[in-house]
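# Structure at a glance
For reference, the chains in residue letters:
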2 protein chains.
Amino acid sequence: MPASIEDVARHAGVSTATVSRVLNGVDLVRPETKSKVEKSIAALGYRVSESARSLRTSSRRQILVLVPDFSNPYYGEIVRGIESVAREHGYHVLLSETRTEGARKRAYVELLQQQLADGVVCLDPVTIRRLAADGIVSFPWVACSEFLPDADIPYVSIDHRQAAKDAVLYLLSRGHRNIGFVNSDERFIYAQQRRAGYEDALKEAGVDARADYIQSVGGVDYPLGELAARRLLALEPRPTAIFAVSDTLAIGVMKASFRAGLKVPHDVAVVGFDDVPVAEMFEPSITTLAQPMYSLGQRAFSLLLQRIKGESTTSEILPHRMVLRESA
Amino acid sequence: MPASIEDVARHAGVSTATVSRVLNGVDLVRPETKSKVEKSIAALGYRVSESARSLRTSSRRQILVLVPDFSNPYYGEIVRGIESVAREHGYHVLLSETRTEGARKRAYVELLQQQLADGVVCLDPVTIRRLAADGIVSFPWVACSEFLPDADIPYVSIDHRQAAKDAVLYLLSRGHRNIGFVNSDERFIYAQQRRAGYEDALKEAGVDARADYIQSVGGVDYPLGELAARRLLALEPRPTAIFAVSDTLAIGVMKASFRAGLKVPHDVAVVGFDDVPVAEMFEPSITTLAQPMYSLGQRAFSLLLQRIKGESTTSEILPHRMVLRESA
DNA sequence: TTGTAAGCGTTATCAT
DNA sequence: ATGATAACGCTTACAA
């Protein structure tokens, strides 16, 4: 049996109220009393029961992070950011993967029904839409990376449209006119915005957008990138450059290009998105749009904390950055 | 204010004990009573307070997973396995990254001092050693992937020695005699065992082991793989094959090889370890030793659950598998 | 089959 | 500056 606050109180010859006071560093406690209590705490190896504290304060000091895919380093970096600042504020991080619809549903129900977390950072586009559609607005949650422009839900993200435009503008500046676009799932805002950015750049350069140059494959897994590239490379005229909305897709695109006997960037230039760690290591190394994943996570938690405290919040757009490497 | 069990009881015209009974599906409750209660629960939108339940049962139905690096997909897969079966058993997963010594220390202290989790799955070699050294044995925890052979701590892992031997045997069978070995940190058991496997294979083939063919670089980050390769490739005679103890290191090795103007596998064959998703996508695709990451995670949780329940447990060795691709 | 009530370990209000 | 004590919402003997 672990020591309770009462054991400490008895040992120190004070009341539990006093022990609680030194525990929480609130109110005035006479220095001598305080050190007496601290000695007893040490002597008994006492640790406060988080469960009791949670019940009493109705706060778990935990947040839930909903992640589409644990094995995607993009999300890993964001989670790192979230955790780093959560920890600073005494919060712990509960993780749920929403890869499958079943998992997503369970997570959703738990999120709403049990109060095991004081708030939620949601990285999953589908769940974000669902939360908004269900009008979940009193519960403290924020969107990160993906978001809803018009809903009243705080988010942290980048300017996807401008970022995509930057990428395509770069390709145009290198003389490319036939530029393929590999998108994930256009139901998602980030995907819509990146597509808009792609089209913005083309229009600005006076280049006609060809519908068949746009491949939306519904996800960001490697094989989907290969699939998109196979389709794109079969087109006439064949694109001389391909912009993919994630590094994983870009890798798939390159793989398919190699299989087709094409050299990157000589025969087809490839630009990715995210700048995950492996982007620098791939052969050729990947030219990509870097998102500040770690900061995205940090800011998302800060926003969430404001919501938890009931303060008003305002969404944030963080800067992106184009990283020039070998693939384009 | 969310409805409490008392509200439900009042609404249904029964006692809180009865509500609790239908909540937990225990004891006999008359079907009519049960449905009456269930109606009230639905009507009031009642959800049990996990905090109160935790306090009462002194179980949080949460486990803590200590992970060296979130952005490494190897750990991501293991965490997925852990979470999948944890969820089946009604447990939630708390995540802490132990990348830095500071984070590691904090996590360690929290692990021991607060009872915010019913148990721990530890993936971090350093923390595993520390827990063992500190004689933490009454607290329910298990090691996963890394482990301690002689300590009395349950673990799930693979036969690292045999796996490494398999890899090197394969290289030998392809005619290689000058085989470099890139290890991470030989303070860790898995690293020691893989090195032993490397030496076993050499000995079995009657090939002399050269000390300078072994590079221990202290970690598995990409740049460390490049570093190791630069050293190895400067040797005389130059190794014609390199076995690295992780795919990330293997990728670094290949990168450095390309930079040195060498072709893989023609000039230098490369074998990795883990079979992370990108191993198949790299150019050339990576021949590697696949670990059953997902199963590792699943079994680790199962073992932990046994410990939590106070049942006796026995460590498990899961099968590995060599995956032949293009790099060797 | 159901109800009563004690108690889990805190925090916070009100006295003193 | 400190103490007594009432919650917080649940589970579980024990009683009925």
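Structure: see above.
Given the structure is predicted, the values throughout are model-derived calculations rather than measurements.

Further remarks concern the environment of B:Leu123. Residue and element names in this part refer to chain B. Looking at the secondary structure, you find Leu 123 in the loop between strand S3 (119–122) and helix H7 (125–133). By relative accessible area, Leu 123 is classed as buried at 1%. Each C-alpha atom, one on Leu 123 and one on Asp 159, is 16 Å from the other, the two residues being 36 residues apart in sequence.

Let us look at helix H7 (residues 125–133) of chain A. All names here are of chain A. For H7, the set of buried residues is Pro 125, Val 126, Thr 127, Ile 128 and Leu 131. At its buried positions, H7 is contacted by strand S1 (62–67), helix H6 (101–113), strand S3 (119–122) and strand S4 (141–144). Gly 135 lies just past H7 and shows a positive phi near 65°.

Scanning all chains against the criterion turns up 15 aromatic pairs over all chains. With a centroid separation of 6.3 Å and an interplanar angle of 35°, the aromatic rings of B:Phe243 and B:Phe273 are classed as tilted. Taken together, the residues B:Phe243 in strand S8 (residues 241–244) and B:Phe273 in strand S9 (residues 269–274) connect sequence positions 30 residues apart. Site record: aromatic cluster; members linked through ring pairs are A:Phe181, A:Tyr198, A:Phe243 and A:Phe273. We note A:Arg194 situated over the ring of A:Phe273; from NZ or CZ to the ring centre the distance is 3.6 Å. When the ring centre of B:Tyr213 is taken as reference, the NZ or CZ atom of B:Arg210 above it lies at 4.4 Å.

Residues and elements named next belong to chain B. Here we have six strands laid out as an open sheet, ordered S7-S6-S8-S9-S10-S12, and mixed in their pairing. The open sheet has two edge strands with one neighbour each: strand S7 (214–216) and strand S12 (321–323). The average angle at which neighbouring strand axes cross in this sheet is 15°, direction not considered. Two elements, S9 and strand S10 (residues 287–290), share four bridges in a ladder whose sense is parallel. Among the inter-strand pairings, Asp 274 is bridged to a residue of S10, identified as Ala 290. Of the strands in this sheet, strand S6 (179–183), S7 and S9 are in contact with helix H9 (residues 189–204), which crosses S6 at around 170°.

Counted under the stated rule, the structure contains three cavities of 30 Å³ or more. Here the largest cavity defines a volume of roughly 100 Å³. Lining the largest cavity are 15 residues, with A:Phe70, A:Leu95, B:Phe70, B:Gly76 and B:Leu95 sitting closest to its centre. Residues of the lining of the largest cavity, tallied by class, amount to 10 nonpolar, three polar and two charged. By volume, the second largest cavity amounts to about 40 Å³. Taken together, A:Leu95, A:Ser96, A:Glu110, B:Glu83, B:Arg87, B:Tyr91, B:His92 and B:Val93 make up the lining of the second largest cavity.

Our focus in this paragraph is the relation of the copies chain B and chain A. For the pair chain B and chain A, the superposition axis carries a translation of 0.0 Å, the fit reaches an RMSD of 0.1 Å, and the rotation angle comes to 180°. Put plainly, the chains are arranged around a two-fold axis. It is B:Leu94 whose C-alpha, among those of chain B, lies nearest the rotation axis, at 2.2 Å.

If you check the shell around DNA strand C, you find 26 residues, and the closest are A:Ile5, A:Tyr46, A:Arg56, B:Arg21 and B:Thr33. For DNA strand C, a phosphate oxygen lies 2.6 Å from a polar atom in the side chain of A:Tyr46. Contact between DNA strand C and B:Thr18: a phosphate oxygen at 2.7 Å from a side-chain N or O atom of the residue. The set of elements that each furnish at least two residues to the surface near DNA strand C consists of helix H2 (16–24) and helix H4 (50–57) of chain A together with helix H2 (16–24) and helix H4 (50–57) of chain B. Within the surface near DNA strand C, the residues separate by chemical class into 10 nonpolar, 10 polar and six charged.

Moving on, we come to the sheet that holds strand S10 (residues 287–290) of chain A. The strands making up a sheet associate through backbone hydrogen bonding, with each pair oriented either parallel or antiparallel. All names here are of chain A. Pairing is mixed in the open sheet, where six strands are placed in the order S7-S6-S8-S9-S10-S12. Taken across any chain shown, the strands that pair with only one partner, and hence form the sheet edges, are strand S7 (214–216) and strand S12 (321–323). Adjacent strand axes in the sheet meet at a mean angle of 15°, parallel and antiparallel pairs treated alike. With respect to the sheet, helix H10 (residues 222–233) is in contact with strand S6 (179–183), S7 and strand S8 (241–244), its orientation differing from that of S6 by roughly 155°.

Our focus in this paragraph is the packing of helix H1 (residues 5–12) of chain B against H2(B). Relative orientation and spacing of two packed helices are given, respectively, by the angle between their axes and the distance between those axes. Residues and elements named next belong to chain B. In contact at an axis separation of 8 Å, H1 and H2 are set at 105° when each is read in the N-to-C sense. In terms of their interaxial angle, H1 and H2 are classed as roughly perpendicular. Residues Ile 5, Glu 6, Val 8 and Ala 9 of H1 lie in contact with H2, whose contacting residues are Thr 16, Val 19, Ser 20 and Leu 23. Its residues assigned to classes, the contact of H1 with H2 comprises five nonpolar, two polar and one charged.

Further remarks concern the environment of B:Ala244. Within the secondary structure, B:Ala244 sits in strand S8. Residues within four places of B:Ala244 in sequence aside, it is in contact with B:Val182, B:Leu249, B:Ala250, B:Val271, B:Gly272 and B:Phe273.

The next subject is the pairing of strand S9 (residues 269–274) of chain A. Among the six residues of S9(A), six are classified as buried, and the element is accordingly described as predominantly covered. Once the chain exits S8(A) it traverses helix H11 (residues 247–259) of chain A before rejoining the sheet at S9(A), and the crossover so formed is right-handed.

Another point: the protein's contact with DNA strand D. Taken together, 26 residues surround DNA strand D, and among them A:Leu28, A:Thr33, B:Ile5, B:Tyr46 and B:Arg56 come closest. When the atoms of DNA strand D within 4 Å of the protein are sorted by group, sugar and phosphate make up 60%. Between A:Ser15 and DNA strand D, the recorded distance is 2.8 Å, taken from a backbone N or O atom to a phosphate oxygen. Between DNA strand D and B:Arg53 there is a distance of 2.7 Å, counted from a phosphate oxygen to a side-chain nitrogen or oxygen. Mapped by element, the contributors of at least two residues to the surface near DNA strand D are H2 and H4 of chain A together with H2 and H4 of chain B. Here the residues of the surface near DNA strand D sort into 10 nonpolar, 10 polar and six charged.

Another aspect to go through is the pattern of salt bridges. As enumerated under the stated definition, the model contains 42 salt bridges over all chains in all. Residues A:Glu77 and A:Arg80 are paired through a salt bridge, measuring 3.1 Å at the closest nitrogen-oxygen approach. Taken together, the residues span about one helical turn, with A:Glu77 and A:Arg80 both in helix H5 (residues 73–88) at a distance of three residues. One connected set of salt bridges, linked through shared partners, spans A:Asp69, A:Glu97, A:Arg99, B:Glu77 and B:Arg80.

On to the environment of B:Gly25, then. All names here are of chain B. Considering the arrangement of structural elements, one finds Gly 25 in the loop between H2 and helix H3 (31–44). Owing to a relative accessible area of 65%, Gly 25 belongs among the exposed residues under this scheme. Sequence separation between Gly 25 and Gln 62 is 37 residues, and the spatial gap between their C-alpha atoms is 21 Å.

The rules we used
Residues numbered from 1 in each chain as written. Chains lettered and ligands numbered in written order. Predicted model: local features only at pLDDT ≥ 70, side-chain atom pairs only at ≥ 80, totals over all residues. Heavy atoms only, no water. Helix = DSSP H or I, 4+ residues; strand = E, 2+ residues; numbered from the N terminus. Buried < 20%, exposed > 50% of the residue type's maximum accessible area, 1.4 Å probe, protein only. Contact = heavy atoms within 4.5 Å. Phe/Tyr/Trp six-rings, centres within 6.5 Å; stacked < 30°, edge-to-face > 60°. Lys NZ or Arg CZ within 6 Å of the ring centre and 35° of its normal. Pairing = 2+ DSSP bridges. Axes fitted to C-alpha atoms, helices over the stretch in contact; angles between N-to-C directions. 1 Å grid on protein atoms, 1.4 Å probe; cavity = no way out; pocket = protein on both sides within 12 Å on 5 of 7 lines; lining within 4 Å. Points joined across faces, edges and corners; volume = space filled by probe spheres on them. Nonpolar A, V, L, I, M, F, W, Y, C, P; charged D, E, K, R; others polar. Least-squares fit on C-alpha atoms with pLDDT ≥ 70 in both. Near = heavy atom within 4 Å. Polar contact = N/O pair within 3.5 Å; in protein donor to acceptor, adjacent residues only side chain to side chain. Parallel < 35°, antiparallel > 145°, perpendicular 65-115°, else oblique. Right-handed = clockwise from strand over helix to strand, strands pointing away. Salt bridge = Lys/Arg side-chain N within 4 Å of Asp/Glu carboxyl O.

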